[in-house]
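As a plain string of letters, each chain reads:
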Protein chains: 2
Amino acid sequence: MSQTPEESSLYKIRHSLAHILLMAVKHHFPHAIPTIGPVTDTGFYYDLDFKDELKPSLDDLPKIEETMREIIKRNLSFRSEEVTADQARALFEFNPYKKEIINDLEKEGKEITIYYTGDDFFDLCVGNHTESTGEIQADSFKLDKIAGAYWRGSEKNTMLTRIYGLAFETREELNTYIEQQEEAKKRDHRIIGAQLKIFTTSPLVGPGLPLLQPNGMTIRKEIEDYLWSLHKKKGYSRVWTPHIAKEALYVTSGHAEKFGDELFRVQGKEDAFILKPMNCPHHMQIFSDNQFSYKDMPVRYFEPATVYRDEKSGQLGGLLRVRAITQDDGHLFCTKDQIQEEVSTIVGIIKEFYSTFNMMDGYWVSLSVRDDNKSKYLGSDEVWGIAEGALEDAAKANGLNYKRVEGEATFYGPKLDFMFKDAIGRQWQLATIQCDFNLPERFDLNYITNEGKKERPVVIHRAISGSIERFMGVMIEHFAGAFPLWLSPTQITILPITDKHHEYAHKVNSILFDADIRSECDDAKEGLGKKISNVRKMKTPYWAVIGDNEIANGTVTLEHRTEGKVGEMKVEELLERLREEIKNKK
Amino acid sequence: MSQTPEESSLYKIRHSLAHILLMAVKHHFPHAIPTIGPVTDTGFYYDLDFKDELKPSLDDLPKIEETMREIIKRNLSFRSEEVTADQARALFEFNPYKKEIINDLEKEGKEITIYYTGDDFFDLCVGNHTESTGEIQADSFKLDKIAGAYWRGSEKNTMLTRIYGLAFETREELNTYIEQQEEAKKRDHRIIGAQLKIFTTSPLVGPGLPLLQPNGMTIRKEIEDYLWSLHKKKGYSRVWTPHIAKEALYVTSGHAEKFGDELFRVQGKEDAFILKPMNCPHHMQIFSDNQFSYKDMPVRYFEPATVYRDEKSGQLGGLLRVRAITQDDGHLFCTKDQIQEEVSTIVGIIKEFYSTFNMMDGYWVSLSVRDDNKSKYLGSDEVWGIAEGALEDAAKANGLNYKRVEGEATFYGPKLDFMFKDAIGRQWQLATIQCDFNLPERFDLNYITNEGKKERPVVIHRAISGSIERFMGVMIEHFAGAFPLWLSPTQITILPITDKHHEYAHKVNSILFDADIRSECDDAKEGLGKKISNVRKMKTPYWAVIGDNEIANGTVTLEHRTEGKVGEMKVEELLERLREEIKNKK
């Protein structure tokens, strides 16, 4: 029998720590009224109502932590007891929050359990704890921060105090996580994005709608062009579709229902539109404007196209969570027999793309297939069998590190979801390949077989970078702003030492610029030290110093951001070196 | 004293013909009730109410025309008479339409005049006629078509019958226009666009929202890339901005007021947005996120970006009139002293661009400046003087064929509007360069001068192709679908004569494809004649025939769409020829 997430030892440790946190808080703040204390992805928290009396501050956390460690040392055992609703209400007579939960459980006819920690302390709880507090490593957790949180998440309710803790199975894991977080803070793409003038936001434009500065657009264009170069040689064609469409398009596709109130609605004088939540329906229109035959299949469209989701403004941030999302989208229409080869081609593109970004270490792929509840899914067993098989065969043929995950398929077909780790070990779900039996049906798509009959194609959705905005955010943090040469907004800065070196410096700069190198010349009235410090601040990969010697020799003295001094070289040699490195995307 | 358009002889001829048309119609259809008969860009029309009685059909037009010619021959003189409203109402006692007009004129306190043609016929009219009908050349007009039209353009009113006439000063001009129209019909970009699979529309997506097929996207990308290559070498940077923004942005810019009900409004759960009607306000946000100094100026942004206008669906058509308009937009921010040089640079780009498209013959430029009513315009006399002077100097320095047109400036600054003629002589307003003193003020933009003070930059708006959708529509008609090699979706088709030539044909095709030539191979089971006819239908510039000889010699036999057989050549020679021609954009 497989384990549920709640049955894992890490879950039990975190859940037990939530109870221990409450015990410790009550020890120091006896007036605190507990509400709920769940587990999070990185630990646990407890929400408490301190009324208008003394509340804990960050300075109190070490003291509370210390008390928690003492409780752990006492090795108190966890013990459950089933009670009636009336008994539960009596136990929590002075706690309106717990009584509200108890009333709800009673209404839903659910079991009500009390968990004891040792003999004296108890809490209303559904369980999954360690046997005793002693099982927890006392140094594998840390109280993290304090925040306000509304009871049951509603602004209409009381504001409670939430105490967060980090918790892992071992001290090493805790420390790794804390270091990762500290490193992540330094790499925050919002801070680096502003420092390196990659993007900006404006209250006049609105939340979740970043604007790309020239530096950001250079990075975006390089990524888009690279994506296109990978697709072009595999027989994809570019298309272009408008950002709005009538609701009828999304009623036909089913997206109107699926996205519901995440849709942005557009009102004109005569017509009402929707800002597109997906590009697929538009691409279906382009396909069905043709009458393709088996000889034309597969038909492959590529378009970096923007979709819109009305996310809550509180959830938006920088480039990672935006309301206008440019997917490097693509759809291909193929016969059932072509699924495997096409998926293999896409897998090849994904591997090449992520190798270039140094992200293939520690990646894994979820082969998301149906579960036993087959009525949830569209399409015949035969086609599901072919598609799941084709995805798995492609995964095997390409030596992918994949796990078969049942029940994670979409209702319209199975998929491969790719998770990649960034430079500090954080996992990001980025690329995806999805088989779709639904849209061809809904849009009544067909091609003519070699027997002259009409047949439905299969649609394969694929995104390599996922969302280009989010991918750019991830890349800023992955590289901490120090982009590889081919991606760098400025690739090299020419640094004349004094005024008399300006003319030659500008000449070198022009030669590089004309050769499509993103070169700049810093001819400010400043010393070389200051100029180099500026270049370092902008994380420019190369700079070329120019003084008397360089002019006399027709050379530059090249330095690299991390490799230090490269040496003196002829301008042609420099050009060749940069060109080669850019071409190889190193 | 300058002449108003209504005082031109062509206007008088057209206006007189409207009266003559009415006389002729009344002769054949005495029950017709006349309403209005104005002048158009190409002639005139008259709207009449035939009640439920006999209406003229297309077959009646020659007969009516004949009667008109007789009236012209009779050389009747036009004569005006001022009347009171009551007198006018008495004259048109049985005509509710004319009475409505008379009532309006009376309310507005305007003069009411009756125009007589000869002694018996009269019409309510403000005038501007030839002295007599004999001044009109009887063969310089033609009745064109009949259509329905609502009284005063409102669906709530009676549907009238509109009879259109074409009219020019001479028969030659009329014939030229008719031939141009016939040629234009053959070149209709909607028909060619569908035949060559350039774009499509879908009722599910909505009116005015074309989708580009792969062929269309190839053309668009070539145009966009060409535009960028022209800008890049002049120091422009690409930026990227979202398609929506909060209304506050357009209140600040003034566009909310200016575009009023042409705006598409977007409703989200928390925020309301507007689909952008202009890109400028977004670019102002990108500029003001920096603190630039005089050393950074000019700052130049380029973005092919989509704006939206809620045009009436009846006015939409193909690519020429759309609701999502991608401008090859750009804004540059400069000091007053830099205007002339920057305008010169843009003029240079425009000349290079339109020379490439063979559209510099017969172009002209409107230097649109202020008129005497200076209170209509924003900005000091000094800055207007500098800007108008800079535009005119740039026009002169670049040898532009320009006319100074007073009163055609926008309220925010003077501009140069470029009119180009297409292959059949139709004039299109395409490129524009506009100085703007308004937006820098509204967005409180500044740069630091060399004295350390804040100073307002001037903004220059520029668009080279104008709208890329419209430009593509114009280009389809200009080239009648036979695009030059560099723009052609398919540049060459390889035609193996029989099956045994397929392998070599595919090899040649691969060599070309890998060299970035848009090559296709037609290996269908069809004869060479049919294959060539297909290539001709798609207006592909080149095709290369491959048979036994070509395989033996390692060659192809090249033919060109208009130049015919080019001859047998080595594949490398073919590649070189195509590359050179593409590079030169011939």
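Residues numbered from 1 in each chain as written. Chains lettered and ligands numbered in written order. Predicted model: local features only at pLDDT ≥ 70, side-chain atom pairs only at ≥ 80, totals over all residues. Heavy atoms only, no water.

## Points about the packing of helix 1 (residues 9-28) of chain A against helix 2 (residues 61-73) of chain A
Residues and elements named next belong to chain A. Running from amino to carboxyl end, helix 1 crosses helix 2 at an angle of 120 degrees, the nearest separation of the two axes being 9 Å. Taken together, the axes of helix 1 and helix 2 are oblique relative to one another. The element helix 1 and its partner helix 2 pack so that their crossing is right-handed. The residues of helix 2 that touch helix 1, namely those facing Leu17, Ile20, Leu21, Met23, Ala24, Val25, His27 and His28, are Lys63, Ile64, Thr67, Met68, Ile71 and Ile72. When its residues are assigned to classes, the contact of helix 1 with helix 2 shows 10 nonpolar, three polar and one charged. (Axes fitted to C-alpha atoms, helices over the stretch in contact; angles between N-to-C directions. Helix = DSSP H or I, 4+ residues; strand = E, 2+ residues; numbered from the N terminus. Parallel < 35°, antiparallel > 145°, perpendicular 65-115°, else oblique. Left-handed = near helix turned anticlockwise from the far one by under 90°. Contact = heavy atoms within 4.5 Å. Nonpolar A, V, L, I, M, F, W, Y, C, P; charged D, E, K, R; others polar.)

## Some thoughts on the pairing of strand 7 (residues 159-167) of chain B
Residues and elements named next belong to chain B. Burial analysis of strand 7 places eight of its nine residues in the buried class, which makes it a mostly covered element. Examined bridge by bridge, strand 2 (residues 43-49) and strand 7 share six bridges and lie antiparallel to one another. Paired with glycine 43 across the two strands is leucine 166, which belongs to strand 7. One ladder, built from nine bridges, connects strand 6 (residues 141-150) with strand 7; its direction is antiparallel. Note that in strand 7 the partner of lysine 142 across the bridge is leucine 166. (Buried < 20%, exposed > 50% of the residue type's maximum accessible area, 1.4 Å probe, protein only. Pairing = 2+ DSSP bridges.)

## A look at the environment of Glu455(A)
Residues and elements named next belong to chain A. One can find glutamate 455 in strand 21 (residues 454-455). For glutamate 455, a relative accessible area of 30% gives the class partly exposed. Considering only alpha carbons, one finds glutamate 455 and glutamate 469, 14 residues apart in sequence, at a separation of 37 Å. Beyond its immediate sequence surroundings of up to four residues, glutamate 455 is in contact with Lys336, Leu445, Asn446, Tyr447 and Thr449.

## Some words on the relation of the copies chain A and chain B
With an RMSD of 0.3 Å, chain A superimposes on chain B once it is rotated by 180 degrees and translated 0.1 Å along the axis. What we have between these two chains is a two-fold relation. Looking at the rotation axis and the C-alpha trace of chain A, the residue lying nearest is Val266(A), at 2.4 Å. When you check the interface residues of chain A against chain B, 100% turn up at the interface there too, and the contact is symmetric in its surfaces. (Least-squares fit on C-alpha atoms with pLDDT ≥ 70 in both.)

## A word on the sheet that holds strand 23 (residues 492-496) of chain B
Residues and elements named next belong to chain B. Spatial strand order, 24-23-25-26-27: five strands in an open sheet with mixed pairing. In this open sheet, the two edge strands, each paired with only one partner strand, are strand 24 (519-521) and strand 27 (564-570). The sheet shows a mean angle of 25 degrees between the axes of neighbouring strands, taken without regard to direction. Pairing analysis gives five bridges linking strand 23 to strand 25 (residues 542-546), with the strands arranged parallel. Residue pairing across strands places isoleucine 492 opposite tyrosine 542, the latter belonging to strand 25.

## Topic: the domain arrangement of chain A
For an interface, size is often stated in terms of accessible area lost upon the parts coming together. Residue and element names in this part refer to chain A. One can read the domain layout of chain A as domain 1 (5-185), domain 2 (212-241 + 279-478), domain 3 (243-277) and domain 4 (485-583). Here domain 2 and domain 4 have C-alpha centroids that lie 40 Å from each other. Across the contact, eight residues belong to domain 2 and six residues belong to domain 4. Overall, the association of domain 2 and domain 4 removes approximately 630 Å² of surface from exposure, summing both partners, and the carbon and sulfur fraction of that is 74%. (Domains from an automatic or database assignment. Buried area = accessible area lost by both parts, 1.4 Å probe.)

## Quick notes on unusual backbone geometry
Peptide bonds are, in most cases, trans, and in most cases residues other than glycine have a negative phi. Geometrically, the link from Met297(A) to Pro298(A) is a cis peptide bond, its omega value of -5 degrees lying close to zero. Along the polypeptide, Pro298(A) turns up in the loop between helix 10 (280-288) and strand 14 (299-308). A positive phi is found at Lys197(A), a non-glycine position, where the angle reads about 55 degrees. Along the polypeptide, Lys197(A) turns up in the loop between helix 6 (189-195) and strand 8 (199-200). Accessibility expressed as a relative area gives 25% for Lys197(A), which makes it partly exposed. With a phi angle near 50 degrees, Asn75(B) is a residue other than glycine that sits in the positive phi range.

## A short note on the pattern of salt bridges
Scanning all chains against the criterion turns up 84 salt bridges over all chains. Notably, a salt bridge pairs Asp225(A) with Lys221(A), separated by 3.0 Å at the nearest N-O pair. Of the two residues, Asp225(A) and Lys221(A) are both situated in helix 7 (residues 214-232); the distance of four residues between them amounts to about one turn of the helix. With its nearest N and O atoms 3.9 Å apart, the salt bridge here joins Arg323(B) to Glu270(A). One end of the pair, Arg323(B), is in the loop between strand 14 (299-308) and strand 15 (324-334); the other, Glu270(A), is in the loop between strand 12 (265-267) and strand 13 (272-275), on a second chain. A relative accessible area of 0% means that Arg323(B) is categorised as buried. One connected set of salt bridges, linked through shared partners, spans Lys246(A), Lys269(A), Glu270(A), Asp271(A), Asp310(B) and Arg323(B). (Salt bridge = Lys/Arg side-chain N within 4 Å of Asp/Glu carboxyl O.)

## Looking at helix 7 (residues 214-232) of chain B
Two residues of an α-helix separated by three or four positions point the same way, owing to the 3.6 residues in each turn. With 19 residues, helix 7 of chain B extends 26 Å from end C-alpha to end C-alpha; this agrees with the ideal 27 Å at 1.5 Å per step. Summarising burial for helix 7 of chain B: 14 of the 19 residues are buried, a large majority. (Expected span 1.5 Å × (residues − 1).)

## Structural notes on the sheet that holds strand 4 (residues 112-117) of chain B
Residue and element names in this part refer to chain B. What the three strands build is an open sheet, ordered 3-4-5; its pairing is antiparallel. Of all strands in the sheet, those bounded by a partner on one side alone are strand 3 (78-83) and strand 5 (121-124). Taken over all neighbouring pairs, the strand axes of this sheet differ in orientation by 30 degrees on average, direction set aside. Packed on one face of the sheet, helix 1 (residues 9-28) meets strand 3, strand 4 and strand 5 and runs near 120 degrees to strand 5. Strands strand 4 and strand 5 of the sheet are contacted by helix 4 (residues 96-107), whose axis makes an angle of about 50 degrees with strand 5.

## A short note on the packing of aromatic side chains
Two measures describe an aromatic ring pair: the distance that separates the ring centres and the angle between the ring planes. Going through the model one piece at a time under the given rule, you end up with 52 aromatic pairs over all chains. Ring centres of Tyr116(B) and Phe122(B) lie 5.6 Å apart, and the angle between their planes is 55 degrees; this geometry places the pair in the tilted category. Of the residues examined, Tyr116(B) reaches a relative accessible area of 13% and is grouped as buried. With a relative accessible area of 24%, Phe122(B) lands in the partly exposed category. An angle of 70 degrees between the planes, with centres 5.4 Å apart, marks the rings of Tyr226(B) and Trp486(B) as edge-to-face. Of this pair, Tyr226(B) sits in helix 7 while Trp486(B) sits in the loop between helix 14 (468-478) and strand 23, placing them 260 residues apart in sequence. The two residues Tyr226(B) and Trp486(B) agree in class, both being buried. Site record: aromatic cluster; members linked through ring pairs are Tyr226(A), Phe353(A), Tyr354(A), Phe357(A), Tyr363(A), Phe418(A), Phe420(A), Phe471(A) and Trp486(A). Here Arg79(A) stacks its cationic end above the ring of Tyr116(A), 4.4 Å away from the centre of that ring. A cation over an aromatic ring shows up here: Arg220(B) above the ring of Trp240(A), its NZ or CZ 4.4 Å from the ring centre. (Phe/Tyr/Trp six-rings, centres within 6.5 Å; stacked < 30°, edge-to-face > 60°. Lys NZ or Arg CZ within 6 Å of the ring centre and 35° of its normal.)

## Considerations on the interface of chain A and chain B
Between chain A and chain B, the residue contacts involve 64 residues of the former and 64 residues of the latter. Buried surface at the junction of chain A and chain B, summed over both partners, amounts to about 5300 Å²; 58% is from carbon and sulfur atoms. It is Leu204(A), Trp240(A) and Lys269(A) in chain A that bury the most area against chain B; as a group they hold 14% of the surface buried on that side. Between Lys269(B) and Asp310(A) there is a salt bridge, with the nearest N and O atoms lying 3.6 Å from each other. Our count for the chain A to chain B interface comes out at 29 residue pairs in polar contact (both at pLDDT 80 or more). Residue composition of the side of chain A that touches chain B, by class: 28 nonpolar, 16 polar and 20 charged. Pairing of strand 12 of chain A with strand 12 (residues 265-267) of chain B involves three bridges; the strand directions are antiparallel. Each residue of the ladder has a partner; that of Arg265(A), found in strand 12 of chain B, is Gln267(B). (Polar contact = N/O pair within 3.5 Å; in protein donor to acceptor, adjacent residues only side chain to side chain.)

## A closer look at the packing of helix 11 (residues 339-356) of chain A against helix 12 (residues 381-397) of chain A
Residues and elements named next belong to chain A. Following both chains from N to C, one finds helix 11 and helix 12 inclined at 40 degrees, their axes separated by 8 Å at the closest point. Looking at the two axes, helix 11 sits oblique to helix 12. Along this stretch, helix 11 crosses helix 12, giving a crossing that reads as right-handed. Contacts from Ile339, Gln340, Val343 and Ser344 of helix 11 reach helix 12 at Ile386, Ala387, Ala390, Leu391, Asp393 and Ala394. The residue makeup of the contact of helix 11 with helix 12, split by class, is seven nonpolar, two polar and one charged.

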